[in-house]
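A look at the structure
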Amino acid sequence: MQAVVQKAEKVVKARPPVKWAGGKSQLLAQFQELYPSTDIKLYMEPFLGGGAVFFDICPQRAVLLDNNPELVNFYNVLKYGLEALVADLKKHRNEDYYFYEVRAMDPEKLSPAERASRFLFLNKTAYNGLWRVNKKGQHNVPFGKYKNPRILDEGNLSAVSSTLRNAEILERDFECVVQYAEPGSFVYLDPPYHPLSSTSNFTSYTASPFGAEDQERLAKVFQKLDRQGCLVMLSNSDTPFIRELYKEYLIDQVFARRLINCQGEKRGFISELVVRNYEQ
């Protein structure tokens, strides 16, 4: 009798489900040389965004924070209500007038699944995939005019949902990370970057801008986490201001391709900083 060989199920590694300005997918190969060499028992990320580093590490336990209510709701719906989200995503159409109808909706009047569906639809169909809001917290990116955007990637959404099962996802200011941190935690900080010039300060992921005072506040959080015995890694722009803030720590350069700029000639490779309080 011929033996029956059972094939192991192929494990699909989750990819960031949203496109996020400053996302780290393109830097992961460089980051992997900088991650802690020890086992990561608790991963923490207080500027979650697209979550590229989280999905790359795929930790057994995580606390994920962000102060963007739409993003936090989206991830929690992915974790707890994948079927409802997928069902609602199927209704969307890649048409300009429909886009503006959805954009004008008040998300607080929608169910969590509808709200998450709206968020993902706008992210996939808005110009350059940006999520940007005005001072009233209203999404204000125009229609992207893409021919065939992939609004529903059911396979990846399922993989993301599985990866989030052991993660706690909270709407919090980044300072709250010190309340959840444990000695030995690996904390990755990826804030809105300090602008390279006075005309490059895109920080409008939420209704509140992220300025120099916030960068200084973040540096103090980095120091607190260091004193708590955490392994801390931070990304930011390569500017004298950031180098001065973290001059007591290890600073490495990585090189990222700037993808989001309305002028094509200004898209190219640029130096970014990775700050760490640990050695490999």
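Relative to the helices and strands, Leu71 resides in helix H3 (residues 69–80). Residues Leu71 and Gly50, 21 residues apart in the sequence, show an inter-C-alpha distance of 9.0 Å.

Another point: helix H5 (residues 96–103). Burial in H5 covers these residues: Tyr98, Phe99 and Val102. Projected down its long axis, H5 carries its buried residues within an arc of 105 degrees, all on one side. Of the surrounding elements, those touching the buried residues of H5 are helix H6 (112–125).

Counting residues in hydrophobic clusters, the biggest one holds 55 residues, and the most contacted among them are Phe31, Tyr43, Leu64, Phe74, Tyr75 and Met233. When residues no more than four places from it in sequence are discounted, the contact partners of Tyr43 are Val53, Phe54, Ile57, Pro59, Arg61, Ala62, Val63, Leu64, Phe186 and Tyr188. Residues Leu170, Val177, Leu218 and Tyr246 belong to the second largest nonpolar core, which totals 25 residues.

Right, let's talk about the pairing of strand E2 (residues 62–66) for a bit. Of all 5 residues in E2, 5 are buried, a share of seventy percent or more. Side chains of E2 alternate between two faces, with Ala62, Leu64 and Asp66 and Val63 and Leu65 buried alike. Judged from the 3 bridges that link them, strand E1 (residues 43–45) and E2 form a sheet pairing that is parallel. Counterpart to Met44 in the pairing with E2 is Val63. Note on the crossover from E1 through helix H2 (residues 52–57) to E2: the handedness is right-handed.

Next up on the list: the packing of aromatic side chains. Evaluated as defined, the whole model comprises 19 aromatic pairs. Seen from their ring centres, Phe31 and Tyr188 are 5.9 Å apart, and the 65 degrees between their planes marks the pair as edge-to-face. Here the residue Phe31 occupies a position in helix H1 (residues 28–31), and Tyr188 occupies one in strand E4 (residues 186–189), the gap between them amounting to 157 residues. Note on accessibility: Phe31 and Tyr188 belong to one class, buried. Measuring from ring centre to ring centre gives 5.3 Å for Phe222 and Tyr246, while their planes differ by 65 degrees; the resulting arrangement is edge-to-face. Here Tyr246 lies in the loop between helix H10 (240–245) and strand E6 (250–257) and Phe222 lies in helix H9 (residues 212–227), a separation of 24 residues in the sequence.

Looking now at unusual backbone geometry. The phi angle at Asn128 is positive, at roughly 60 degrees, despite the residue not being glycine. Mapped onto the elements of the fold, Asn128 is located in the loop between H6 and helix H7 (154–163). For Lys145, which is not a glycine, the phi torsion comes out positive at approximately 60 degrees. Here Lys145 shows up in the loop between H6 and H7. Given a relative accessible area of 69%, Lys145 falls into the exposed group.

The next subject is the pattern of salt bridges. Using the criterion set out here, one finds 14 salt bridges in the structure. The salt bridge partner of Glu244 is Lys247, with a shortest N-O separation of 2.8 Å. Lys247 gets classed as exposed once you look at its relative accessible area, which sits at 56%. Notably, a salt bridge pairs Arg276 with Asp252, separated by 2.8 Å at the nearest N-O pair. Placement of Arg276 in strand E7 (residues 269–276) and of Asp252 in strand E6 is noted, with a sequence separation of 24 residues between them. Accessibility expressed as a relative area gives 8% for Arg276, which makes it buried. On the accessibility criterion, Asp252 (24% relative accessible area) is partly exposed.

What counts, and where the lines are drawn
- Residues numbered from 1 in each chain as written.
- Predicted model: local features only at pLDDT ≥ 70, side-chain atom pairs only at ≥ 80, totals over all residues.
- Heavy atoms only, no water.
- Helix = DSSP H or I, 4+ residues; strand = E, 2+ residues; numbered from the N terminus.
- Buried < 20%, exposed > 50% of the residue type's maximum accessible area, 1.4 Å probe, protein only.
- Arc of directions from axis to C-beta.
- Contact = heavy atoms within 4.5 Å.
- Core = buried A, V, L, I, M, F, W, Y, C linked by side-chain atoms within 4.5 Å.
- Pairing = 2+ DSSP bridges.
- Right-handed = clockwise from strand over helix to strand, strands pointing away.
- Phe/Tyr/Trp six-rings, centres within 6.5 Å; stacked < 30°, edge-to-face > 60°.
- Salt bridge = Lys/Arg side-chain N within 4 Å of Asp/Glu carboxyl O.

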